[in-house]
Amino acid sequence: MSVTIEIVLLAMVALFVGLRLYSVLGRRTGHEQQPILRPAETGAAPDATAPIAEPSADRPETSGLVYEDNAAGGIRAIVAADPGFDVGRFVEGSQAAYRMILEAFWRGDREDLRFLTAPEVFATFDSAITERQAAGETLDNRLVSIERAMIQDARLSGRVAEVDVRFDADIAAVTRDREGNVIAGTMTDAIPTHDVWTFRRTLGSQDPNWLLVETDEA
């Protein structure tokens, strides 16, 4: 009986994580809150009751804030292949994924990392966690704020979409030894970080998740 209960609980946890990721990276269900983007510069206030138009294949959603000009062509291609792709919501979701992946790495949570990242990226995280544990070190890090998240580039190859997102963030980082003593960093001063992460998904596949496939410094 206890084994059955444990299996049910594990299935519920897996379902929760899957549903959370489904909402995190850019699928519109029609019930979620729409991202707050910069309105067009007109004299009239936007009509809150007006229906939200679907993005056009000719022109992706624009806000002047969420992507750089050189990403426009790739975004148009992705929207044409998947009209449900929402640029603003994707950027919001990428910030949530950024936080989730960093926090999972800091606490050494391999299971969350395996679910959120492609195998080659997971292998890099896994190796770093193994080295850290062998040294008896722990990370006491905190993502203080994400100052900016913007799509730098986007591309579509066949049905495979890739989106590069730049994150400018402040992170407080502390490394502790086996006894809990601070051996590096401080929690009082946040360190500015600039990362470019690449997310990938096969459009039209049953798997709704965008996986982290590459990380780099901006």
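This text goes with the structure placed above it.
Residues numbered from 1 in each chain as written. Predicted model: local features only at pLDDT ≥ 70, side-chain atom pairs only at ≥ 80, totals over all residues. Heavy atoms only, no water.

### A closer look at the layout of surface pockets
Then, number 1: Within this model, the second largest pocket holds a volume of roughly 440 Å³.
Then, number 2: Lining the second largest pocket are 19 residues, and of these Leu102, Phe105, Phe125, Asp195 and Trp197 sit closest to its centre.
Then, number 3: Listed by contribution, the elements that provide at least two residues to the lining of the second largest pocket are helix 3 (87–107), helix 5 (119–134), strand 3 (160–176), strand 4 (182–202) and strand 5 (211–217).
Then, number 4: Partitioned by chemical class, the residues of the lining of the second largest pocket number 11 nonpolar, 5 polar and 3 charged. (1 Å grid on protein atoms, 1.4 Å probe; cavity = no way out; pocket = protein on both sides within 12 Å on 5 of 7 lines; lining within 4 Å. Points joined across faces, edges and corners; volume = space filled by probe spheres on them. Helix = DSSP H or I, 4+ residues; strand = E, 2+ residues; numbered from the N terminus. Nonpolar A, V, L, I, M, F, W, Y, C, P; charged D, E, K, R; others polar.)

### Brief notes about the packing of aromatic side chains
Then, number 1: Across all of its chains, the model carries 8 aromatic pairs by this definition.
Then, number 2: With a centroid separation of 6.2 Å and an interplanar angle of 85°, the aromatic rings of Phe90 and Phe199 are classed as edge-to-face. With a gap of 109 residues between them, Phe90 in helix 3 and Phe199 in strand 4 connect regions that are remote in the sequence. Residues Phe90 and Phe199 agree in their burial class; the two are buried.
Then, number 3: Their ring planes at 45° and their centres at 5.1 Å tell us that Phe105 and Phe125 sit as a pair that is tilted. (Phe/Tyr/Trp six-rings, centres within 6.5 Å; stacked < 30°, edge-to-face > 60°. Buried < 20%, exposed > 50% of the residue type's maximum accessible area, 1.4 Å probe, protein only.)

### Focus: the side chain of Arg166
Then, number 1: Mapped onto the elements, Arg166 comes out in strand 3.
Then, number 2: Separated by 2.9 Å, the side chains of Arg166 and Asp168 make a polar contact.
Then, number 3: Residues contacting Arg166, with those up to four places away along its chain left out, are Arg148, Ala149, Met150, Gln152, His194, Asp195, Val196 and Ala218. (Polar contact = N/O pair within 3.5 Å; in protein donor to acceptor, adjacent residues only side chain to side chain. Contact = heavy atoms within 4.5 Å.)

### Brief notes about the pairing of strand 3
Then, number 1: Here strand 3 lies mainly inside the structure; 14 of its 17 residues are buried.
Then, number 2: Between strand 2 (residues 142–157) and strand 3, which pair antiparallel in sequence order, lie 2 residues; one of them, Gly158, sits at a positive phi of approximately 65°.
Then, number 3: Sheet topology places strand 3 next to strand 4; 16 bridges connect them, and they run antiparallel. When the bridges of strand 4 are listed, Asp170 appears paired with Pro192.
Then, number 4: Taking the residues between adjacent antiparallel strands as the criterion, strand 3 and strand 4 are bridged by 5 residues, where Gly180 takes a positive phi near 90°. (Pairing = 2+ DSSP bridges.)

### Regarding the pairing of strand 2
Each regular strand carries side chains that alternate between the two faces of the sheet.
Then, number 1: With 13 bridges connecting them, strand 2 and strand 3 associate as antiparallel partners. Opposite Met150, over in strand 3, you have Arg166 as the bridge partner.

### Re the pattern of salt bridges
Then, number 1: For the structure on display, the rule yields 12 salt bridges.
Then, number 2: In this structure, Asp112 engages Arg107 in a salt bridge whose closest nitrogen and oxygen atoms are separated by 2.9 Å.
Then, number 3: The class of Asp112 is partly exposed, set by a relative accessible area of 25%.
Then, number 4: Measuring nitrogen to oxygen at the nearest pair gives 3.1 Å for the salt bridge that ties Arg155 to Glu162.
Then, number 5: Given the relative accessible area of 16%, Glu162 is considered buried.
Then, number 6: Three or more residues joined by partner-sharing salt bridges are found here, namely Asp153, Arg155, Glu162, Asp164 and Arg200. (Salt bridge = Lys/Arg side-chain N within 4 Å of Asp/Glu carboxyl O.)

### Some points on the environment of Ala190
Then, number 1: Within the secondary structure, Ala190 is located in strand 4.
Then, number 2: Here the alpha-carbon distance between Ala190 and Val144, two residues 46 residues apart in the chain, equals 7.2 Å.
Then, number 3: For Ala190, the residues in contact, after removing those within four places along its chain, are Val144, Asp170, Ile171 and Ala172.

### Looking at the packing of helix 3 against helix 5
Then, number 1: For the pair helix 3 and helix 5, the least separation of the axes is 9 Å and the interaxial angle reads 30°. With respect to helix 5, the axis of helix 3 lies roughly parallel. Counting all contacts with helix 3, which are made through Ile101, Phe105, Trp106 and Arg107, the residues of helix 5 involved are Phe125, Ala128, Ile129 and Arg132.
Then, number 2: For the contact of helix 3 with helix 5, a count of residues per class yields 6 nonpolar, no polar and 2 charged. (Axes fitted to C-alpha atoms, helices over the stretch in contact; angles between N-to-C directions. Parallel < 35°, antiparallel > 145°, perpendicular 65-115°, else oblique.)

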